Every structure is written in structure tokens, then in C-alpha cells.
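Summary of structural features
Residues per chain, in single letters:
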Amino acid sequence: MRLLALGDSLTAGYGLPPGQGFVPRLQAALAAKGRQVRVLDGGVSGDTSAGGLARLDWSLAENPQAVILELGANDGLRGLPPASTRANLAAILDRLGQRGLPVLLAGMLAPPNLGADYGREFAAIFPELAAARPGTILYPFFLDGVAGNPALNQADGIHPNPQGVSIVIERILPFVERLLEGVR
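Rules used throughout
- Residues numbered from 1 in each chain as written.
- Predicted model: local features only at pLDDT ≥ 70, side-chain atom pairs only at ≥ 80, totals over all residues.
- Heavy atoms only, no water.
- Axes fitted to C-alpha atoms, helices over the stretch in contact; angles between N-to-C directions.
- Helix = DSSP H or I, 4+ residues; strand = E, 2+ residues; numbered from the N terminus.
- Parallel < 35°, antiparallel > 145°, perpendicular 65-115°, else oblique.
- Left-handed = near helix turned anticlockwise from the far one by under 90°.
- Contact = heavy atoms within 4.5 Å.
- Nonpolar A, V, L, I, M, F, W, Y, C, P; charged D, E, K, R; others polar.
- Expected span 1.5 Å × (residues − 1).
- Buried < 20%, exposed > 50% of the residue type's maximum accessible area, 1.4 Å probe, protein only.
- Polar contact = N/O pair within 3.5 Å; in protein donor to acceptor, adjacent residues only side chain to side chain.

Our focus in this paragraph is the packing of helix α6 (residues 82-98) against helix α7 (residues 116-131). Viewed as axis vectors pointing N to C, α6 and α7 meet at an angle of 15°, and their least axial separation amounts to 10 Å. By the angle between their axes, α6 is roughly parallel relative to α7. In this structure, the crossing between α6 and α7 has a hand that is right-handed. Contact residues: α6 offers Pro82, Ala83, Thr85, Arg86, Leu89, Ala90 and Leu93, while α7 offers Tyr118, Glu121, Phe122, Ala124, Ile125, Phe126, Glu128 and Leu129. The residue makeup of the contact of α6 with α7, split by class, is 11 nonpolar, one polar and three charged.

So, on to α6. Here α6 spans 24 Å end to end across 17 residues, near enough to the 24 Å set by a 1.5 Å rise per residue. The set of residues buried in α6 consists of Pro82, Thr85, Asn88, Leu89, Ala90, Ile92, Leu93 and Leu96. Looking one or two residues beyond α6, the residue adopting positive phi is Gly100, at roughly 70°.

Turning next to the side chain of Asn88. Examined against the element boundaries, Asn88 turns out to sit in helix α6. You can call Asn88 buried: its relative accessible area is 16%.

What follows concerns the side chain of Ser49. With respect to the helices and strands, Ser49 occurs in helix α3 (residues 49-54). Using a relative accessible area of 0% as the deciding quantity, one classes Ser49 as buried. Of the polar contacts made by the side chain of Ser49, one reaches the side chain of Asn88; its length is 3.0 Å. If we skip the residues at most four places from it in the chain, Ser49 touches Leu71, Asp75, Ser84, Thr85, Asn88, Leu89 and Ile92.

See the structure below:
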């Protein structure tokens, strides 16, 4: 089975040694559970939801049977309009739906320095998109348990270190297993 992780630096394993990023660690965690899954690395550091939409067809070239969609962090960091992020993610989800691909949508939060109103509007994107697309599995916050903890992040305070990746994997794994159960 092939599972595409379509995302940004959080998916790509920015700043981590080979084999320590999200994709290889997720594949290893699935293998440890007896699941033969090849996790395809569709992570591009610095990518926004618009970039993910622009490269969607290329990312699907290896014909994955399911997709983890982890985009939006850079939109929030750059303070891009939440309506644009929502439109881009909706277009990605709709195109994946047209292909009949089960999707796990990984939510993201905006940095607090952009203000409470922006943060609320941004955070609402993910649950609203998932609710509008029955069958889409929502993982509310990709960095749950890791964000804001200096011991679990690299020096930039944004990207998980290997210990942080361990927590991300541990927390998202049940959602990924549910996603894989939906593959025909």
C-alpha cells in the first residue's frame, strides 16, 4: 500500500538527520504494527497551501491509495488570508475526493502573535473542511503535544526534534490506522 504525506517542512523532516523525519518514522511505526505501507514523502519545506495545490498532480504520480494532507503552517506563519488557505485546501480535498482517495486532514494553528481573531479564523478552517467532506478524517493539530515545548523542538522553536517527531507519530498513528482501514 502507498500512503502520500502531502505537506511542508513538518512532513519533509526539515533539520533532522536522515531517517528521523515524519515520513520514515511513520513508515517504521506502521511496519511495527504489521502494516506494509510505503509512505511517500510529498513534503516541501516552505510550501504553502497554494504550493501544495500547484504540485498536487505531480505528488499523485506514484498513485497513492490514501493521503495525509499536512499543509497550512506556512500560510499561518506568513499571515496569509485564512480564506485563501481554506480555498486552496478545499480544492486539494475536492481533487483527492474526485480520485476516491481517503484523506487524513492534519489541522494547524496560527502563531499567537497574529492575534486572537486571526487565530480563531485560521483554526476553524480544518474542522470545517473535514465536516463538509464526510469520510475525511480530521487530526485536529499536527503538532499536538510538541508545539511550544523547547525540549521537543529544534532551536528555531518551530520544527520538531527527533523526540518531538516521536510524539507526533505516537499521537497521529491511531488516526493514520483509521485512514488505512478505509482504503479499498
